[in-house]
Amino acid sequence: MNQPSQSVADTHASNHDDIALDIVARVRSVVQTSESVALHEPNLGELEQRYVNDCVASGWVSSVGRFVDQFERDLAAYTGAKYAVATVNGTSALHVGLILAGVGRDDEVICPALSFVATANAISYCGAVPHFVDAEYRTLGMDAEKLRAYLSEISRVEGDRLVNRITGRRIAAIVPMHTLGHSVNMPALLATAETYGLPIVEDAAESLGTTCGGQHTGTFGLVGALSFNGNKIMTTGGGGAILTNDHEIAVRAKHLTTTAKVPHPWQYVHDEVAFNYRMPNLNAAMGCAQLERFPDFRERKQTLASDYRHHFSDCKTAQLVDQWEKESSNFWLNAIQIAKPTDDPLPLRNAILQKTNEAGLMTRPMWDLLSDLPIYSACPHADLTVSQDIAQRTICLPSSVGLVPATA
Ligand SMILES: *Cc1c(COP(=O)(O)O)cnc(C)c1O
């Protein structure tokens with residue numbers, strides 16, 4: 001094998017392949033099957049079938065029905081939010097959440113560069129501009145102290161407005177996102193937001209079941225947005241929800257997601273331009289079943305994470321992205337991070353992605369930074385060194401609930 005003519009680059013490449021095959025073996029021992037494994041599959045059973053059948057039999061399959069009401073009550077009870085309003089998807093929940101926080105045309109909204117595109121898109125739907133900020137290593141989410149220093153440098157107060165002194169635009173809100181299910185340091189972020197008088201809209205699309213200091217993510221800010229897309233920890237096919245503790249905000253959330261129709265026995269009166277964002281009863285039926293089974297899902301996620309932790313504990317190349325002190329994570333997507341000493345992690349990362357996917361183990365990189373997408377490259381951004389580094393070192397691993405036997 002080791003022919004003298006082999007170049008240094010080739011030697012590195014074959015080293016990378018050996019390391020990647022070691023990662024393949026470790027992931028194989030966790031998933032305990034020789035078949036191909038998806039990144040994240042929904043877990044559906046008899047209960048979902050029963051509720052969906054009941055819904056069809058009732059004839060109430062669209063935007064009103066008892067499952068919607070029950071799903072909203074159950075979500076509020078599970079998360080500890082005072083109110084939950086179900087929506088067609090997580091992006092619409094975020095969009096309306098931003099409107100409720102007062103975000104409007106030509107405002108700037110602080111959000112992470114390391115996120116799924118929906119976070120920035122919801123800001124754009126308001127006619128506002130995303131302003132990208134950096135993450136911290138231990139949470140993968142917004143760095144509250146770095147944000148505080150950044151805001152003190154780039155903003156000034158004009159009356160009751162916080163203004164970006166470079167662009168002249170109002171800074172209207174902060175949107176933290178709980179990456180892969182890991183909570184942002186919310187107490188620290190609340191303190192920064194309070195200093196600058198900014199409302200928080202939490203993108204909790206990935207973090208149902210995650211708490212920070214015992215409090216559920218999505219309930220710290222003025223509003224929080226959940227997603228029940230097919231790839232999330234539980235699904236309604238497609239769906240989302242707005243969480244809030246404020247009665248007036250909850251009433252307005254329902255109003256804005258139901259075309260702002262003023263209740264009346266027969267007349268069509270709509271008092272503002274709003275949205276058809278209500279979750280159909282059919283989807284809510286599935287949601288009620290999934291939420292009933294959710295404690296079991298969450299427990300199986302803990303088991304899977306601890307299996308990964310165990311099988312990567314002696315791995316020198318990469319470590320499991322674990323929970324940090326204040327959070328109890330839902331471990332929606334388990335991920336490994338290539339160890340620091342590697343200067344340029346990309347060749348190794350790509351070798352790991354290549355070998356795992358070839359072996360039928362579906363793995364994925366993190367998103368590219370939103371600030372690097374052509375659609376958002378002209379938007380303002382802070383220093384993004386940490387986000388960039390996390391994006392290049394992190395690999396998401398197969399994490400379906402179904403990889404672990406049911407607890408009950
Ligand atoms: C899934 C997701 C969303 C959007 O949810 P949809 O239900 O797909 O619209 C928003 N933000 C993040 C971070 C997500 O992962």
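Residues numbered from 1 in each chain as written. Predicted model: local features only at pLDDT ≥ 70, side-chain atom pairs only at ≥ 80, totals over all residues. Heavy atoms only, no water.

As annotated in an unreviewed UniProt entry, the chain carries the name Perosamine synthetase and is attributed to Neorhodopirellula lusitana. Recorded in UniProt under Sequence similarities (unreviewed entry), the annotation for the chain is "Belongs to the DegT/DnrJ/EryC1 family." (UniProt positions renumbered as here; feature names shortened; annotations may be inferred.)

K.L.:
Describe the overall build of the chain, and please don't skip the residues or the numbers.
P.N.:
For the chain, the count of helices and strands is 11 helices and 16 strands. Over its C-alpha atoms the chain spans a radius of gyration of 22 Å, differing by no more than 12% from the 22 Å that the globule rule assigns to 408 residues. Relative to its 408 residues, the chain shows a buried fraction of 54%. Restricting to contacts in the chain with at least 6 residues of sequence separation, those with at least 24 account for 71%. A total accessible area of about 17,600 Å² is found for the chain, and carbon and sulfur atoms account for 53% of it. (Helix = DSSP H or I, 4+ residues; strand = E, 2+ residues; numbered from the N terminus. Rg over C-alpha atoms; globule rule 2.2 N^0.38 Å. Buried < 20%, exposed > 50% of the residue type's maximum accessible area, 1.4 Å probe, protein only. Contact = heavy atoms within 4.5 Å. Areas by Shrake-Rupley, 256 points an atom, 1.4 Å probe, with all protein chains shown as cover.)

K.L.:
Give me the lowdown on the sheet that holds strand E2 (residues 108-112), citing residues and values where you can.
P.N.:
One open sheet accounts for 3 strands, arranged E3-E2-E6; its pairing is parallel. With one partner strand each, in any of the chains shown, strand E3 (129-133) and strand E6 (171-174) form the two edges of the open sheet. Here the average twist between neighbouring strands, direction ignored, is 35°. Relative to E6, E2 runs parallel, the two being bridged by 3 bridges. When the bridges of E6 are listed, isoleucine 110 appears paired with isoleucine 174. (Pairing = 2+ DSSP bridges. Axes fitted to C-alpha atoms, helices over the stretch in contact; angles between N-to-C directions.)

K.L.:
I'd like to hear about the packing of aromatic side chains, residue by residue, with values.
P.N.:
Summed over all chains, the structure comprises 6 aromatic pairs. On the numbers, 5.3 Å between centres and 65° between planes, the contact of phenylalanine 71 with phenylalanine 228 is edge-to-face. With a gap of 157 residues between them, phenylalanine 71 in helix H3 (residues 66-79) and phenylalanine 228 in the loop between strand E10 (223-227) and strand E11 (240-244) connect regions that are remote in the sequence. Comparing phenylalanine 71 with phenylalanine 228, the two get one shared label, buried. Arranged with centres 6.4 Å apart and planes meeting at 40°, the rings of tyrosine 308 and phenylalanine 312 form a pair that is tilted. (Phe/Tyr/Trp six-rings, centres within 6.5 Å; stacked < 30°, edge-to-face > 60°.)

K.L.:
Lay out the nonpolar core in plain terms, naming residues and giving numbers.
P.N.:
In terms of nonpolar packing, the biggest core is built from 76 residues, with Phe71, Leu98 and Phe228 touching the most fellow members. Broken down by element, this core gets its largest block of residues, 7 residues, from helix H9 (residues 281-312). Viewed by domain, this core spans two of them, domain 1 (2-43 + 292-403) and domain 2 (46-290), each represented by three or more residues. For phenylalanine 228, the residues in contact, after removing those within four places along its chain, are Phe71, Leu75, Leu208, Met234, Thr235, Thr236, Gly237, Gly238, Gly239, Gly240, Ala241 and Met279. (Core = buried A, V, L, I, M, F, W, Y, C linked by side-chain atoms within 4.5 Å. Domains from an automatic or database assignment.)

K.L.:
I'd like a rundown of the domain arrangement of the chain, residues and numbers included.
P.N.:
Segmenting the chain into domains produces domain 1 (2-43 + 292-403) and domain 2 (46-290). Across the contact, 47 residues belong to domain 1 and 55 residues belong to domain 2. Interface of domain 1 and domain 2: buried area, both sides summed, is about 4,300 Å²; carbon and sulfur atoms make up 61% of it. Ranking the residues of domain 1 by area buried against domain 2 places Trp324, Trp332 and Trp367 at the top, with a combined share of 18%. (Buried area = accessible area lost by both parts, 1.4 Å probe.)

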